[in-house]
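Chains, contacts and geometry: an overview
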Amino acid sequence: MIELDEARRAFLLRAALAAVAGAGIGTVPESLAQAQPTQHQHSAQPAVHPHPSSARGFGAFFNDDDAATVAALTERLMPGAPGKPGALDAGVLNYIDLALVGAYFDMQDFYRRGLNSLEAYCQKTHKESFVKLGDARQNEVIAALANGKATEFDWPRPQAFFNTLRTHTVEGMFADPIHGGNKDFAGWRLVDFPGAHPVFSQADMLSKNAFAGDQYIGLQSRAPRRRA
Amino acid sequence: MATEKTDVVIVGAGAAGGILAAELGRAGMKVIGLERGPRLATKDFAPQDELRFFQRQDLRPNVKRQPVTWRPNTKSRATPIPSQSYGNQAGGGTVHYGAVSWRFHEDDFKVRSHTIARYGASAIPEDSSVIDWPVSYTELEPYYDRIEYEIGVSGKAGNLQGRKIDGGNVFEAPRQREFPLPPLQVDQVGVTFDAATKKLGYHPFSTPRAILSQPYKGRPACSYCGFCQGFGCHIGAKSSTLVTNLPDADATNNFKLITNAMVYHINTDNSGRATGVSYYGPDGSADNTIEAEIVIVAPFVYDSVRLLLLSKTDKFPNGLANSSSHLGRHLMSHIGARVFAAFDDRHINVYMGPSAQKHTIDDFNGDNFDHSKLGFIRGSQISAGPAGLEGGPIASAMNMPPPPGVPNWGEGYRDFFAKYYTRYLAMTGQTEELPYPNQIIDLDPDIRDAWGLPAPRMTYDWRRPNELKRIEFVNEKMLEIGRAMGATHVWRAPSSPGTPGSHHQGGTRMGSNPKESVVNKFGQTWDIPNLFVIGSSTFPTSSGFNPTLTIQALAYMSADAIIKQYRKSPGPLIRA
Ligand SMILES: Cc1cc2nc3c(=O)[nH]c(=O)nc-3n(C[C@H](O)[C@H](O)[C@H](O)COP(=O)(O)OP(=O)(O)OC[C@H]3O[C@@H](n4cnc5c(N)ncnc54)[C@H](O)[C@@H]3O)c2cc1C
Ligand code: SF4
């Protein structure tokens, strides 16, 4: 599993980086660079289909800069690590990108303005865009959103922006893959949720151990289940 | 312009409306039900999608199109509440409820006299408006029995005709016979909760639920899928109004349901009679009217109050049925105290099985314990299940704040949640709240709904001394239980900032005095005898129990009174 996770993370990170580079922002953010892939990009796992459009991990709403920022923000909220799928692995960016032209279309300006304010705040305090800050400084920025101390925000307020990002990250990690996140059940693998099982037996319910079932069940897809 | 005539028109085809439709139709009355939402079927609930049904509240009122607003006091401006605890389609809230189905205690119906007898009048907070119900448990018992058997409720008696039975709720009021179905299967939440509460000398039991533990009346038993509260049941094992009373109403051939019909006005004439209602059709058309001999308002608390206020006339200048000026007052909700327990030595797998309030202790509810030295009255049901009463990971991540010292994002949170999502349970103290006359519902002057109607506005703050002390007490009890479970981490959630909790009640309270109440015990308005209001808006006090079984029992009682008394001699059912 670890190899696969690594490969998937690497792949997604590269996609996010491509977006940044494409937008001409410049150098590779530390946070992304240190997780640079070395191998296994074309793992044998059937669920991964590196395809030019899906490779971007977005395309319905965000522009390249905003996509890179949201990718980096959500990865800080739910960071991936070997054996622990994170927001990039789960395609949280894709989830939010789709939701903003679907169920959350009325939050487009909320994101636009929030991201603009974030950029202004990062420029003011660190003279850099969020994506170019290292993990530690990115964490500081997010903490300032969460505790409301970040300046340069009018609407949305920084806490509201943080809360929404957190909520949408949770949704993108754990909602059924049908909604564009939780890719290859990354979120469910992280917490060991087996998905939409229509039946649990009395033995399942009384067990003090991890659920014994051998499948992740999604609304359109299934996958073999092994404890990560 | 559509005008139809009928014997009875019912606003809202939910828990209360469904029963009245079936009963009055069975008695030969022509009934039209108006429901603002669609009529769905079991096959519509196949997608077990936590995002759609739990998180985005697909089956609940849409808080943007159908806002209900709240402000803590008259000096602040109201904003829409983030979720509403009732229905938005045929079957109402029972389509997606947790199906927890309680009979109230005997003293829940006489909080005032019972409290005075046991603790003296000074025990009742001066600023509260506690009264006795005009109906007793004994009077309602046959109707509780009726609903339990009609729809199928699973549980074990704890008090059979006065005989206490271990394993059931030994604090329950006496019941004449057993539940129609045995308790639902126990899971690791129930096992863990039972062991700890028994160790502490309490009396745990499987919560009675309107979910089939065995096949019943042609419907299958629960398959323990866990996508339960917030969801429609994908096999029809949850005894919702949609699969019980509404099909019964259809079978009478006297019932017609009009869906996507948003009632905006109750019509009255100069003599002071209700003549019918007007509604917006699915295309937004406003000129749709039903003329009826009897008008039954059952759209839940907010719209019951709102419709009566919106329908004011010269004859009823303060809103219909409001000669007492008590319309909209005494709003109550259940305030939730929450404690979490996480385990290193076992999995709990909280996502399996019906998700709401799985196992319960009733030891600290109502007046089941001595309050004389506690400084507050009334209590709380304490139960165990998943955070957010739904077992999926979104509900847990959104509703369980991590323990002190663990952040709610980043590596620390990821590792906490990855480890404990399958190894935690939550306890909920669902506390009774006393009524206060200045906790009100009126019309929001600023915010309107999608039809252009003013939103129902709550002015409400539960943080009163009696309630705060009770919440602290209940939190301490749950922390004690969590420690007795042997959990690695036990912690509590911060209290809500005054916001209303779940299960709103009051607003058109019943009473025995027309000067202090809006309706009599049959839900008949004191001022307009052919206008009835049925639902938890009529509750004078809230009890620590979920309201729906009592709403349903009252609906049966009202139906009986309409069929047996009102039909013979239309007029007040009770002379004040
Ligand atoms: C997630 C959730 C879980 C719950 N779990 C439990 C539980 O376990 N146990 C319990 O006892 N209770 C529970 N409840 C509460 C329960 O759903 C309500 O108490 C119950 O449904 C109320 O019955 P009612 O008939 O008054 O209203 P409803 O059942 O909601 O029916 C009212 C109907 O009126 C319609 N309506 C409203 N306004 C209008 C209008 N102007 N014109 C036309 N139609 C209108 C609505 O669309 C709705 O269908 C839960 C609620 C929620 C949301
Ligand atoms: S847990 Fe049981 S009652 Fe609830 S939705 Fe699943 S099958 Fe239906």
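Residues numbered from 1 in each chain as written. Chains lettered and ligands numbered in written order. Predicted model: local features only at pLDDT ≥ 70, side-chain atom pairs only at ≥ 80, totals over all residues. Heavy atoms only, no water.

Moving on to the overall build of chain A. If you tally the helices and strands in chain A, you get ten helices and two strands. Helices and strands in chain A line up, N terminus first, as α-α-α-α-α-α-α-α-α-α-β-β. Sorting the 228 residues of chain A into buried and exposed places 54% on the buried side. Once local pairs closer than 6 in sequence are excluded, the contacts in chain A between residues at least 24 apart make up 63%. Carbon and sulfur atoms make up 52% of the accessible area of chain A, which amounts to about 9600 Å² in all. (Helix = DSSP H or I, 4+ residues; strand = E, 2+ residues; numbered from the N terminus. Buried < 20%, exposed > 50% of the residue type's maximum accessible area, 1.4 Å probe, protein only. Contact = heavy atoms within 4.5 Å. Areas by Shrake-Rupley, 256 points an atom, 1.4 Å probe, with all protein chains shown as cover.)

With that settled, the discussion passes to the pattern of salt bridges. Summed over the entire model, instances satisfying the criterion amount to 42 salt bridges over all chains. The salt bridge involving B:Glu411 is made with A:Arg76; its shortest N-O contact spans 3.5 Å. Placement of B:Glu411 in helix 9 (residues 410–420) and of A:Arg76 in helix 3 (residues 64–77) is noted, with the two residues assigned to different chains. The class for B:Glu411 is partly exposed, based on a relative accessible area of 32%. Residue A:Arg76 is classed as buried on the basis of its relative accessible area, which comes to 6%. What you see here is one network of salt bridges that share partners, running through B:Glu23, B:Arg26, B:Arg146, B:Glu150 and B:Asp248. (Salt bridge = Lys/Arg side-chain N within 4 Å of Asp/Glu carboxyl O.)

Residues and elements named next belong to chain B. Taken together, 36 residues sit near ligand 1, with Glu35, Gly87, Val100, Asp303 and Thr548 positioned nearest. Here an oxygen atom of ligand 1 sits 3.1 Å away from a polar atom, N or O, in the main chain of Ala15. Here a nitrogen atom of ligand 1 and a backbone polar atom of Gly98 are 2.9 Å apart. Computed on the free molecule, ligand 1 has an accessible area of 990 Å², of which 99% lies beneath the protein chains in the complex. (Near = heavy atom within 4 Å. Polar contact = N/O pair within 3.5 Å; in protein donor to acceptor, adjacent residues only side chain to side chain.)

Our next topic: the site of ligand 2. Residues in close proximity to ligand 2 include B:Ile211, B:Cys222, B:Ser223, B:Tyr224, B:Cys225, B:Gly226, B:Phe227, B:Cys228, B:Cys233, B:His234, B:Ile235 and B:Pro354, which together make up its full environment. When grouped by side-chain class, the residues that make up the shell around ligand 2 number nine nonpolar, three polar and no charged. (Nonpolar A, V, L, I, M, F, W, Y, C, P; charged D, E, K, R; others polar.)

Turning next to the nonpolar core. Among the nonpolar cores identified, the biggest contains 220 residues, and A:Phe62, B:Leu24, B:Leu34 and B:Ile296 are the most heavily contacted of them. Among the elements that take part in this core, helix 11 (residues 548–566) of chain B stands out by supplying twelve residues, more than any other. Ignoring any residue separated from it by four or fewer positions in sequence, one finds B:Leu34 in contact with B:Val9, B:Ile10, B:Val11, B:Gly12, B:Ala13, B:Ile258, B:Ala261, B:Val263, B:Val277, B:Tyr279 and B:Ile290. In this structure, B:Ile124, B:Val130, B:Ile377 and B:Tyr436 belong to the second largest nonpolar core, which totals six residues. (Core = buried A, V, L, I, M, F, W, Y, C linked by side-chain atoms within 4.5 Å.)

With that settled, the discussion passes to the side chain of A:Arg76. Side-chain polar atoms of A:Arg76 contact the side chain of A:Asp135, separated by 3.4 Å. Not counting residues within four places of it along the chain, the set of residues in contact with A:Arg76 comprises A:Phe130, A:Asp135, A:Gln138, A:Asn139, A:Ile142, B:Trp409, B:Gly410 and B:Glu411.

All names here are of chain A. The first and last C-alpha atoms of helix 3 sit 20 Å apart over 14 residues, in line with the 20 Å expected at 1.5 Å per residue. Buried residues dominate helix 3, accounting for twelve of its 14 residues. Where helix 3 is concerned, the buried positions are Asp66, Ala67, Ala68, Thr69, Val70, Ala71, Ala72, Leu73, Thr74, Glu75, Arg76 and Leu77. Sitting at the amino-terminal end of helix 3 is Asn63, which places a side-chain oxygen 3.1 Å from the backbone nitrogen of Asp65. (Expected span 1.5 Å × (residues − 1).)

Here we take up the sheet that holds strand 16 (residues 440–448) of chain B. All names here are of chain B. On the basis of which strands lie adjacent, the open sheet formed by four strands has the order 4-3-17-16 and mixed pairing. In this open sheet, the two edge strands, each paired with only one partner strand, are strand 4 (79–80) and strand 16. Examined bridge by bridge, strand 3 (residues 69–71) and strand 17 (residues 454–459) share three bridges and lie parallel to one another. Looking at the pairing, Arg71 lines up with Thr459 of strand 17. Here helix 7 (residues 301–310) sits on the sheet in contact with strand 16 and strand 17, set at roughly 75 degrees to strand 16. (Pairing = 2+ DSSP bridges. Axes fitted to C-alpha atoms, helices over the stretch in contact; angles between N-to-C directions.)

Another aspect to go through is the packing of aromatic side chains. This model, assessed by the stated rule, comprises 46 aromatic pairs over all chains. For the ring pair A:Trp188 and A:Phe193, a centre distance of 5.2 Å and an interplane angle of 90 degrees mean the geometry is edge-to-face. Its relative accessible area of 3% is what places A:Phe193 among the buried residues. For the ring pair B:Phe104 and B:Trp133, a centre distance of 6.0 Å and an interplane angle of 85 degrees mean the geometry is edge-to-face. Separated by 29 residues along the polypeptide, B:Phe104 in the loop between strand 4 and helix 3 (111–119) and B:Trp133 in the loop between helix 3 and helix 4 (137–152) bring together distant segments of the chain. B:Trp133 carries the same exposure label as B:Phe104, and that label is buried. Against the face of B:Tyr149 rests B:Arg177, its NZ or CZ located 3.4 Å from the ring centre. The ring centre of B:Tyr436 lies 4.1 Å from the NZ or CZ of B:Arg464, which sits over that ring. (Phe/Tyr/Trp six-rings, centres within 6.5 Å; stacked < 30°, edge-to-face > 60°. Lys NZ or Arg CZ within 6 Å of the ring centre and 35° of its normal.)

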